Amino acid sequence: KQHDSNIVDVTVQLQFWVTDSTLRLPPCSKKNLMGFHDVTSGDTENENDPKEEDWATHLLSNLWHRLLFKQKKEEQPSTPPIELKVRYTYQGSVYEIAVKDEESLILPNPTAFKLGEAGVVT
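Bear in mind that the values here come from a model prediction, so they are computed numbers and not experimental data.

## Description of the pattern of salt bridges
Across all of its chains, the model carries two salt bridges by this definition. Here R87 makes a salt bridge to E96, at a shortest N to O gap of 2.9 Å. For K114, the salt bridge goes to E117, with nearest N and O atoms at 3.5 Å. Taking relative accessible area as the criterion, E117 reaches 41% and is therefore assigned partly exposed.

## Side note on the sheet that holds strand 6 (residues 93-100)
With antiparallel pairing, the three strands of this open sheet are ordered in space as 5-6-8. Both edges of this open sheet fall to strand 5 (83-90) and strand 8 (113-117), since each of them pairs with a single strand only. Each neighbouring strand pair of the sheet contributes to a mean axis angle of 20°, computed without reference to strand direction. The sheet contact formed by strand 6 and strand 8 spans four bridges and is antiparallel. Note on strand 8: the bridge partner recorded for S93 is E117.

## Observations regarding the packing of aromatic side chains
Counting across every chain of the model gives two aromatic pairs. Ring centres of F16 and W17 lie 5.3 Å apart, and the angle between their planes is 90°; this geometry places the pair in the edge-to-face category. A residue is classified by how much of its surface remains accessible, and W17, at 22% relative accessible area, is partly exposed. Residues Y88 and Y95 carry aromatic rings whose centres are separated by 5.5 Å and whose planes lie at 20° to one another, so their mutual orientation is stacked. Per residue, the accessibility class of Y88 equals that of Y95, and both read buried.

Reading the values: rules and limits
Residues numbered from 1 in each chain as written. Predicted model: local features only at pLDDT ≥ 70, side-chain atom pairs only at ≥ 80, totals over all residues. Heavy atoms only, no water. Salt bridge = Lys/Arg side-chain N within 4 Å of Asp/Glu carboxyl O. Buried < 20%, exposed > 50% of the residue type's maximum accessible area, 1.4 Å probe, protein only. Pairing = 2+ DSSP bridges. Helix = DSSP H or I, 4+ residues; strand = E, 2+ residues; numbered from the N terminus. Axes fitted to C-alpha atoms, helices over the stretch in contact; angles between N-to-C directions. Phe/Tyr/Trp six-rings, centres within 6.5 Å; stacked < 30°, edge-to-face > 60°.

Below you can see the structure in the form of structure tokens.
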């Protein structure tokens, strides 16, 4: 579910990373994780998940896009840093935490901000 061009609901994608009630994301750009995509590219498809095109076409298309992006990098206005913001429920309370794109994340997390009780906050 997409709210605007810079916010994407990745609830389902994050479920893949949950084991024994703990979410663990590696310290890498989230656009490289299955089901995620680069929100700065304007493309809503994950570049790591080719759908109908064959792998060679997909690879060449990505290479071409990256070459064009690098050439135009100086012309691009600076974009705000990408972060992953997660809101989750743990032991009856709702928490929220944000990490930079290439930071790891482990939930539950003692540094997460408690928003309130689960019945009151969604």
